[in-house]
Amino acid sequence: MSGEISPRGTFLKIADALRVQLIRDESMTRLPALADVMRENGVSRGVALRAFAVLRKEGLAEPVPGGRWRVMRSEDQHDRRPLAERVAAVITDDALVVGAPFPSTTELSIRFGVSRPTVTKALDKLESAGLLSEARQGKQRTVRALPKRTESPES
């Protein structure tokens, strides 16, 4: 990139270039490494991360814990809610009641296609919110409360 200040924002130009690249190359499963984007465009880590955030907001990519950003294809985009929300929805989707056993970390990992540590983080959030019982060695979590219905206001 040139040393000139872009009125549109350098991070947006980088996001545009990455978007074109992932649309053209359907075999692309990961975004380029952050360091590569920084070096090729002569930008800071923050600028590169802002470009990646644009693609995340558009549903084109998502961060992978401990790894590079994963490219999201239309078949991956069926439910873009945060994992904790999707896990909480299991209570209503599976018609669970207060006191019912909650699916295991392994079952949820398979169901949502994410790692067990990622599921554990989501379960910890639901435990903190009071929806699930505490995790204990050898003891299955149970439903402590039903999630409240939230309806989005009409715009």
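Sequence order as written defines residue numbering, which begins from 1 separately in each chain. Where totals are concerned, whole chains, interfaces and linings use all residues; where local detail is concerned, this predicted model gives features only for residues with pLDDT of at least 70, and gives and counts side-chain atom pairs only at 80 or more. Note: side-chain values were computed over all heavy atoms of the structure, leaving out hydrogens and water.

Draft legend 1. Up close: helix 6 (residues 116-128). Along its 13 residues, helix 6 runs 18 Å from first to last C-alpha, staying within 8% of the 18 Å computed at 1.5 Å per residue. Burial classes follow relative accessibility: with a 1.4 Å probe on protein chains only, a residue under 20% of its type's maximum area counts as buried, one over 50% as exposed, and anything between as partly exposed. The helix and strand labels rest on DSSP assignments: H or I over at least four residues marks a helix, E over at least two residues marks a strand, and numbering proceeds from the N terminus. When we look at burial in helix 6, the residues that qualify are V119, A122, L123 and L126. On an axial view of helix 6, the arc spanned by its buried residues comes to 100°, and they lie on one face. Opposite the buried face of helix 6, at more than 90 degrees from it, the exposed residues are P117, K121, K125 and S128. In this analysis, two residues are considered to be in contact whenever any of their non-hydrogen atoms come within 4.5 Å of each other. Each element contacted by the buried residues of helix 6 is listed here: helix 4 (83-93) and helix 5 (105-112). Directly after helix 6, the chain includes G130, whose backbone phi takes a positive value near 85°. Helix span is expected to be 1.5 Å times the residue number reduced by one. By arc we mean the arc of the directions from the helix axis to the C-beta atoms, nothing more.

Draft legend 2. Structural context of the pattern of salt bridges. Basic side-chain nitrogens of Lys or Arg form a salt bridge, by our definition, when they fall within 4 Å of a carboxyl oxygen of Asp or Glu. For the structure shown, the criterion picks out seven salt bridges. Here the salt bridges do not stand alone but share partners, grouping D16, R19 and E58 into one network.

Draft legend 3. Main features of helix 2 (residues 34-41). Three or more residues of helix 2 are buried, namely L34, V37 and N41. Buried residues of helix 2 fall within an arc of 65° about the axis and therefore sit on the same side. Seen from the open side of helix 2, the exposed residues pointing more than 90 degrees away from its buried face are R39 and E40. Lining the buried residues of helix 2 we find helix 1 (10-24) and helix 3 (45-57). With its phi angle positive at about 65°, G42 sits one or two positions after the end of helix 2.

Draft legend 4. Structural detail: the confidence of the model for the chain. On a scale of 0 to 100, pLDDT captures the predictor's confidence in every residue. Per-residue pLDDT for the chain has a mean of 83; in total, 86% of the residues score no lower than 70. Taking the mean pLDDT of every element in the chain, the minimum, 83, falls on helix 5 and the maximum, 94, on helix 2.

Draft legend 5. The arrangement of the environment of K13 in detail. Along the polypeptide, K13 turns up in helix 1. Take K13: its relative accessible area is 40%, and that puts it in the partly exposed class.

Draft legend 6. Examining the side chain of S133 more closely. Along the polypeptide, S133 turns up in the segment after helix 6. Distance and chemistry together define a polar contact, namely a pair of N or O atoms within 3.5 Å, with one atom able to donate a hydrogen and the other to accept it when in protein, and with adjacent residues in sequence counting only for side-chain atoms on both sides. Separated by 2.8 Å, the side chain of S133 and the backbone nitrogen of T142 make a polar contact. With near-sequence residues (within four places) excluded, S133 lies in contact with E127, Q140, R141, T142 and R144.

Draft legend 7. Spatial organisation of the packing of helix 5 against helix 6. Here helix 5 crosses helix 6 at 110°, and the two axes come no closer than 9 Å. Considering the angle they form, helix 5 stands roughly perpendicular to helix 6. Mapping the contact onto sequence places T105, T106, L108 and S109 in helix 5 and R116, V119, T120 and L123 in helix 6. Grouping the constituent residues of the contact of helix 5 with helix 6 by class yields three nonpolar, four polar and one charged. The axes are straight lines fitted to the C-alpha atoms, using for helices just the contacting stretch, and the angles between their N-to-C directions are given from 0 to 180°. Orientation is classified from the angle alone, with under 35 degrees giving roughly parallel, over 145 giving roughly antiparallel, 65 to 115 giving roughly perpendicular, and any other angle giving oblique. Amino acids are sorted into nonpolar (Ala, Val, Leu, Ile, Met, Phe, Trp, Tyr, Cys and Pro), charged (Asp, Glu, Lys and Arg) and polar (every other residue, Gly among them).

Draft legend 8. The arrangement of unusual backbone geometry in detail. Positioned with a positive phi, A95 is a non-glycine residue whose angle comes to about 55°. Relative to the helices and strands, A95 resides in the loop between helix 4 and helix 5. On the basis of relative accessibility, which here comes to 62%, the residue A95 falls in the exposed class.

Draft legend 9. Seen up close, the environment of G9. With respect to the secondary-structure elements, G9 resides in the segment before helix 1. Owing to a relative accessible area of 13%, G9 belongs among the buried residues under this scheme. Along the primary structure G9 and V47 are separated by 38 residues, whereas in three dimensions their C-alpha atoms are 9.3 Å apart.

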